[in-house]
Amino acid sequence: MKIDAVTIFPDYFAPLQLSLLGKAAAIGLLEFGVHDLRQHSTNVHNQVDDTPYGGGAGMVMMPEVWGQALDALLTPDSDLIILTPAGKRFNQPMAQEFSRASHLVFACGRYEGIDDRVRQYYLSKGHRVHEVSIGDYVLGGGEVASLVMIEAITRLIPGVLGNPESLAEESHNSEGYLEYPNFTKPQKWREISVPEILLSGNHAEIAKWRAAQAIERAKNNF
């Protein structure tokens, strides 16, 4: 999979070179490109934003600079992801869908967001355009949200995770459950013991206990 990110802060994406993502890139499973939006500005000050039509606080990112950046990246195989609090909520099924894509382009907005004509234009040209939010809160920009999505998406690609059984363990969670609580050695820590069922060796009963715990967690969190 090829992943490109367009941002005014390229250094935000340094973590892509770390841990499992860095290893996956090193062996060719993933290809990352990070592009500085300001390089497409024609302004002497590398300006990428201006005041909003109709008035209001803040600044809006200009369509021309985004057009120049995205024209150089998008192909018929690309999915353009615009990070915005107004977008569709990111979840595990969406991560699974994006993990089957061949090319993802993340548009990391800042300030009051990207001029909406960018979205309209690329939709009109037949591109797959997705407005996505990672939650009901506001961040300083789309970079952190992009990193969250990239990690959730790429770990689903075969070969990225060191232990593929981890994905099998999580398969039911995409249906709305949360992962059961996990424990390791020592058996007792600060007067709190590991649940006895996990020491029983009865794998059928352990599986039932874990499923019940996952359901209970879901009830308490939603």
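This one's a predicted model, so the numbers in the text were calculated from it and none came from an experiment.

Digging into a nonpolar patch on the surface
A contiguous nonpolar patch, built from Phe 9, Tyr 12, Tyr 137, Leu 139, Val 144 and Val 148 and spanning about 500 Å² of accessible area, is present on the exposed surface. You can see Tyr 137 is positioned in the loop between strand 7 (128-133) and helix 5 (142-154). Overall, Tyr 137 belongs to the partly exposed group, its relative accessible area being 44%.

Description of the sheet that holds strand 2 (residues 31-36)
One open sheet holds the five strands; their spatial order is 2-1-6-5-7, and the pairing between them is parallel. With partners counted over all chains shown, the strands left at the sheet margins are strand 2 and strand 7, one partner each. Strand after strand, the sheet turns through a mean of 25° between neighbouring axes, direction not considered. Sheet topology places strand 1 (residues 2-7) next to strand 2; six bridges connect them, and they run parallel. When the bridges of strand 2 are listed, Ala 5 appears paired with Val 34. Sheet contacts for helix 2 (residues 63-71): strand 1, strand 5 (78-89) and strand 6 (103-107); angle to strand 1, the most-contacted strand, approximately 160°. Running at roughly 165° to strand 5, helix 3 (residues 92-99) makes contact with strand 5, strand 6 and strand 7 of the sheet.

Examining unusual backbone geometry
Residue Lys 185 is joined to Pro 186 through a cis peptide bond whose omega torsion reads 5°. Looking at the secondary structure, you find Pro 186 in the loop between helix 6 (165-170) and strand 8 (188-189). For Ser 19, which is not glycine, the phi dihedral falls at a positive 50°. Inspection of the secondary structure puts Ser 19 in helix 1 (residues 19-26). At Arg 190, a position not held by glycine, the phi torsion is positive, near 50°.

Re the pattern of salt bridges
Pairs can form between side chains of opposite charge whenever their charged atoms are close. Applying the stated criterion across every chain, the model contains eight salt bridges. With a shortest N-O distance of 2.5 Å, Arg 89 and Asp 136 are connected by a salt bridge. Highlighted residues: Arg 89 in strand 5 and Asp 136 in the loop between strand 7 and helix 5, separated in sequence by 47 residues. For Asp 136, a relative accessible area of 68% translates into the label exposed. Linking Glu 205 and Lys 208 is a salt bridge whose minimum nitrogen-to-oxygen distance equals 3.3 Å. With Glu 205 and Lys 208 both in helix 7 (residues 203-221), this residue pair falls three residues apart, about one helical turn. On the accessibility criterion, Glu 205 (34% relative accessible area) is partly exposed. Residue Lys 208 is classed as exposed on the basis of its relative accessible area of 54%.

Thoughts on the pairing of strand 5
Summarising the sheet, strand 5 and strand 6 pair through five bridges and their orientation is parallel. Residue Asp 79 lies in a different strand from strand 6, and its bridge partner there is Leu 104. Once the chain exits strand 5 it traverses helix 3 before rejoining the sheet at strand 6, and the crossover so formed is right-handed. As paired strands, strand 5 and strand 7 are joined by seven bridges and run parallel to one another. Each bridged residue has a counterpart across the sheet, and for Leu 80 the counterpart in strand 7 is Val 129.

Rules used throughout
- Residues numbered from 1 in each chain as written.
- Predicted model: local features only at pLDDT ≥ 70, side-chain atom pairs only at ≥ 80, totals over all residues.
- Heavy atoms only, no water.
- Patch = residues over 30% accessible without salt bridge, like charges linked within 9 Å, V, L, I, M, F, W, Y side chains within 5 Å.
- Areas by Shrake-Rupley, 256 points an atom, 1.4 Å probe, with all protein chains shown as cover.
- Salt bridge = Lys/Arg side-chain N within 4 Å of Asp/Glu carboxyl O.
- Helix = DSSP H or I, 4+ residues; strand = E, 2+ residues; numbered from the N terminus.
- Buried < 20%, exposed > 50% of the residue type's maximum accessible area, 1.4 Å probe, protein only.
- Pairing = 2+ DSSP bridges.
- Axes fitted to C-alpha atoms, helices over the stretch in contact; angles between N-to-C directions.
- Contact = heavy atoms within 4.5 Å.
- Right-handed = clockwise from strand over helix to strand, strands pointing away.

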